[in-house]
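Chain by chain, the residues:
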Amino acid sequence: MFMPTTDVLIIGAGIAGLGAALKLQRQGYRMTILEARNRAGGRIATVEHQQPSSHINGTKSNAWSELGAEFVHGMEPHLLSLFNEAGLLLNEESGPFSFIRSGQVLDAHEDVKGSATILAALYAYVGPDCSAQDFLQRHFASKHWQQARAQVVSYIEGFNAARLEDVSVHWLQQCQHAADSINEERQFRPLFGYSRLIDWLVQQLGSENIVYEQEVRRLSWSPGSVTVQTRNAQGERENWQARATIVTIPLGIWQAPAGARGAIAYEPDLPSKWKAAQDLRMGAAMRVVFHFDDFFWEQEGEQQQIALPGLGFLRSDDPTFPVWWTQAPLRVPTLTAWVGGTQALPLAEADEASLVEQALQALSRTIGRSIETLRSHILATATHNWSRDPYARGAYSYVPVGAVDAPTRLAEPLENTLFFAGEATDTLGFTGTVHSALLTGYRAASEVTTALQIE
Ligand SMILES: Cc1cc2nc3c(=O)[nH]c(=O)nc-3n(C[C@H](O)[C@H](O)[C@H](O)COP(=O)(O)OP(=O)(O)OC[C@H]3O[C@@H](n4cnc5c(N)ncnc54)[C@H](O)[C@@H]3O)c2cc1C
């Protein structure tokens, strides 16, 4: 049987796989990316709507929605330089933060002060690792901190897609340190959507080097040689051979039961990897995007409902979707609903229609507009349940108490032949972001080139 042979097989065409491929290709290696989906980008996925958006930077474009990554968090130089090389523009996010509790708009400054005190104490904590929940119970349990504590919980869970009861304080400290190093309080959005970067990468790599609808089922290896068996869209098996392989599958796939869609059987088996993967956690997060015909939330309305002129971010005490944001400074009538961590878990089985409906109800509760009024303004909606997605099985990873070394264990190469990348293998404190995944891809590519040179 004919078996395509190359230097390096890369499993997964997310940003980690594409980044690794770019590095390898630029150093003259032959590589092939095997991707289970019918598109590249993985958890970066922009959808374009038929509805026109307003003129943006002098260009008339259709409205778009992000299903996965939306923000460029901070100024990580490798990611920024890719955008630069691709000639893609980033828009710095702006607009005020608003807080709504029990239907009242709060003084954001007062609220932030208390939560900043708690977060500063958490980041300065010295002692054995513990969960964020234990930390808060030990140090900020009194009624005095109740409101600020709720903000901190919402922030930690919402941003990290983590559960307060098991997320590691040591890991949160590492993340904060890393965030400070790249100025993460500044946030940007790729103009016209994150997938533009993916399109550019695919074009650079050459579409012949990426094979879609090839779900890797089995990987047999010995030092210096790998055979990968895939199942294509027609259910046929194909075999691929290389000197080395970079595995970039998401943590949710590592944790999937044997035989499940996406799960890979390794021969010989990789017990150290299974253990590292089981020690980590795949977080849940849901987002629903609404494109409206009007900025109705900026006016008070007939019943003197809440008005939020110039809204940027909104945090509330809603139990289903507590976070909302606009596209400010872009002047488009779009609202995005977000929930992450424990609060997102009850939605893990929801289908897309149900997510849209629940977000609509949350918006109605939060800003006091009737469901009918909200519905009458909708032009388009978009959502994707990553927890139900067979090739993601969750949103992004986080580190629970006592497992701060698990990403390093998951990332360690085996016998100069198997290499590992993807956001869950981040060891720098950037876990769960696009830049983390990109950097792990670059790291794996340089490990491969070192290994192949030695032989
Ligand atoms: C809702 C949501 C919002 C987010 N928001 C942000 C944000 O604003 N900013 C930010 O920086 N990050 C954000 N992230 C995180 C970011 O999207 C991810 O960290 C990053 O895209 C992960 O890239 P990756 O290459 O590691 O994994 P993936 O993108 O998941 O790529 C892995 C690839 O492997 C493929 N695959 C899986 N199994 C197999 C198999 N058996 N055979 C072949 N292929 C397989 C998958 O289909 C996928 O294409 C968000 C994520 C989600 C879900």
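Small disclaimer: the values here were computed from a predicted structure and weren't measured.

1. Quick look at the sheet that holds strand β5 (residues 72–73)
- The three strands lie next to each other as β5-β9-β6, forming an open sheet whose pairing is antiparallel. The sheet is open, and its two edges are formed by β5 and β6 (90–92), each paired on a single side.
- Note that β5 and strand β9 (residues 187–190) share two bridges and pair antiparallel. When the bridges of β9 are listed, His73 appears paired with Gln187.

2. Digging into the UniProt feature "binding site: FAD" (unreviewed entry) in the protein chain
- The sites that carry the UniProt feature "binding site: FAD" (unreviewed entry) are, in the present numbering, Glu35, Ala36 and Val216. Of the residues just listed, which span 182 residues, no C-alpha pair is farther apart than 7.9 Å, and they cluster in one region.
- Here Glu35 shows up in the loop between β2 (31–34) and β3 (46–56).
- Judged by relative accessible area, which is 6%, Glu35 ranks as buried.
- Dropping the residues within four chain positions of it, Glu35 is found in contact with Gly12, Ala13, Gly14, Val211, Tyr212, Glu213 and Gln214.
- In this fold, Val216 is placed in strand β11 (residues 214–222).

3. A short note on unusual backbone geometry
- Note that the residue after Glu267, namely Pro268, is joined by a cis bond; omega there is -5°.
- Locating Pro268 in the fold gives a position in the loop between β14 (265–267) and α9 (271–279).
- Following Ala328, the chain continues into Pro329 via a peptide bond in cis, with omega recorded as 15°.
- Positive phi is not limited to glycine here, since Glu213 has a value of about 50°.
- Among the secondary structure elements, Glu213 is positioned in the loop between β10 (210–211) and β11.
- Although it is not a glycine, Glu415 sits at a positive phi angle of roughly 50°.
- Tracing the backbone through its elements, the reader meets Glu415 in the loop between α12 (406–411) and β22 (418–420).
- Taking the relative accessible area as the measure of exposure, Glu415 reaches 53% and is therefore exposed.

Procedures and definitions
- Going along each chain's sequence as written, the residues are numbered from 1 onward.
- At least 70 in pLDDT is required for a residue's local features to be given in this predicted model, at least 80 for side-chain atom pairs to be given and counted, and no such filter applies to totals for whole chains, interfaces and linings, which use all residues.
- Here the side-chain values reflect all heavy atoms present in the structure, with hydrogen atoms and water set aside.
- The criterion for strand pairing is that DSSP finds at least two bridges linking the strands in question.
- Here a helix means four or more residues in a row that DSSP labels H or I, a strand means two or more in a row labelled E, and each is numbered from the N terminus.
- UniProt positions are given in the numbering used here, feature names are shortened, and annotations may be inferred rather than shown by experiment.
- Burial status follows relative accessibility: with a 1.4 Å probe on protein chains alone, a residue under 20% of its type maximum counts as buried, one over 50% as exposed, and anything between as partly exposed.
- Every residue pair with non-hydrogen atoms within 4.5 Å of one another is taken to be in contact.

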